[in-house]
Amino acid sequence: MDPLHLSQRLGRWSAGRGPLRVLLAARLRALIDDGDLPAGVLLPPDRALAAALAVGRGTVVAAYDQLSVEGRVVRRQGSGTRVAGRAVEEPRPTTDAPTFLHLVEPRDGVILLACAAPDAPPPELVDAYGRVGPALAALRGDIGYHPLGLPVLRRAVADRFTRRGTPTSVDQVMVTTGGQQALSLLARALLRPGDRVVVEAPTYSGALEAFRDQAAVPVGLPVGLAGFEAAVRARPALAYVVPVFHNPTGSVLSALRRRRLADVAAAAGVPLVEDEALVDLAFPGADPPPVDQGDRVITTGSLSKVVWAGLRVGWVRAPAALITRLARLRAVHDLGGNVPAQLVAADLLPTLEPLRARQAALREAAHDHLRAELAAHLPTWHAPPVPGGQTLWIGLPHGDAASFAQTALRHGVAVLPGASLGGPADHLRVHFVFPPDVLSEAVRRLAAAWRAYDPPAERVSPAPGIAV
């Protein structure tokens, strides 16, 4: 593409807040996502586009590199920078793939250890759909649009928080289409291009996608946000933490540490988001103590992990004024979630414990089985145990996880490299949600891939989209 032509299509890309590289990446991202720059298009060379835009070459290089990390462009030495997608002739490497590429472009016969969630609806969910039929049939004077969520479900979520020790009113709760929508709405409400977001490194890749979609800049701290007190002095726009069964490491913050983070954030006026999507995934006897954070934090949650991701029910707990703002944002794009699913969720929430207990025992057994298989077939890999959750954070003895993930995919198993989560290049994440026989087959394929693996001369760096 001609650089002058692209500069005209970019328009007033620099009219915003934040570093030029972030604003340029945001505008290019919008053109790609909207289809104005279709898959396979060759973008101008760094120097040529920089000259057309009257900016330094480093601005263009940084913007292209960020889009490469997100999987929106593919950069090849000697062949330039192309918009990614099916029209690109060369296969995209795993390091350039977007977080949910394996969901968007599934491959037959591949065991997906990259995306962790139950692979079938439990019988409790099926039974609940049978029970809510009369309530659905009795609805009158309700057109079904509820941007805040169905009132009965909002009440059930508020009651759940109250039972766990955090008194909550209905006006502090908004129901969302899963936990990912909750994070996306919060990012849209609280972030502007160039804003800094304090995150754990590594952390949940879906959160990083939501923040980057607003052209914000994630700033990584160690898991548990060590150094948070110093970080908030730089006045970030937002902080994000996964306090219980952290994704991907499985660690749990103590009640004292969670309260300290909330105190520091509140004193600095920095919104702190606690992602509790995994809070119900404790192994038997490993439940962390509940923590009453009051209105000092914003909490997101979901039924995707403990029930089924296909239910698509999540929530945000926040001060009432922010809940109202989120509902207005949502109404522009989504007038409300699926009403039958919300009726089912309201039915399930008060009686979730038997399902949670059964799932906990199954997950612990799968966790133990996967670690035993790894110890037997890949003894040089370091896979520490976790007290709950659904993933193992595995350290490789040599090479890097990004290049190994490509080899593993050729052997029929998908894993998630640590760099895509903002973590070290020598780590990868795998889940243990599958039945034992599937996990055994996955390890067999991983072992074959490891024997065939030829590490590159240079290790792939962690994702440059996270500052450290």
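Computed from a prediction, not measured in an experiment: that's the story for all the values here. (Residues numbered from 1 in each chain as written. Predicted model: local features only at pLDDT ≥ 70, side-chain atom pairs only at ≥ 80, totals over all residues. Heavy atoms only, no water.)

1. Considerations on the sheet that holds strand E12 (residues 391–395)
Here three strands make up an open sheet; going across it, the order is E12-E15-E14 and the pairing antiparallel. For this open sheet the edge positions go to E12 and strand E14 (416–417), each flanked by a neighbour on one side alone. Seen against the sheet, helix H15 (residues 353–377) touches E12 and strand E15 (427–431) and runs at an angle of roughly 20° to E12. (Pairing = 2+ DSSP bridges. Helix = DSSP H or I, 4+ residues; strand = E, 2+ residues; numbered from the N terminus. Contact = heavy atoms within 4.5 Å. Axes fitted to C-alpha atoms, helices over the stretch in contact; angles between N-to-C directions.)

2. Considerations on the pattern of salt bridges
The full count for this structure, using the stated rule, is 20 salt bridges. Two residues, Arg444 and Glu441, come together in a salt bridge whose shortest N-O distance is 2.6 Å. With Arg444 and Glu441 both in helix H17 (residues 436–452) and three residues apart, this pair spans about one turn of that helix. For Arg444, a relative accessible area of 47% gives the class partly exposed. Judged by its relative accessible area of 26%, Glu441 is partly exposed. Counted as one network, the salt bridges with shared partners bring together Asp46, Arg57, Asp65 and Arg75. (Salt bridge = Lys/Arg side-chain N within 4 Å of Asp/Glu carboxyl O. Buried < 20%, exposed > 50% of the residue type's maximum accessible area, 1.4 Å probe, protein only.)

3. Quick notes on the packing of helix H6 (residues 123–131) against helix H14 (residues 339–348)
The N-to-C vectors of H6 and H14 enclose an angle of 110°; their axes lie 9 Å apart at closest approach. One finds that H6 runs roughly perpendicular with respect to H14. Along this stretch, H6 crosses H14, giving a crossing that reads as right-handed. Only Pro340, Ala341, Val344, Asp347 and Leu348 of H14 make contact with H6, whose side of the interface consists of Glu124, Leu125, Ala128, Tyr129 and Arg131. (Parallel < 35°, antiparallel > 145°, perpendicular 65-115°, else oblique. Left-handed = near helix turned anticlockwise from the far one by under 90°.)

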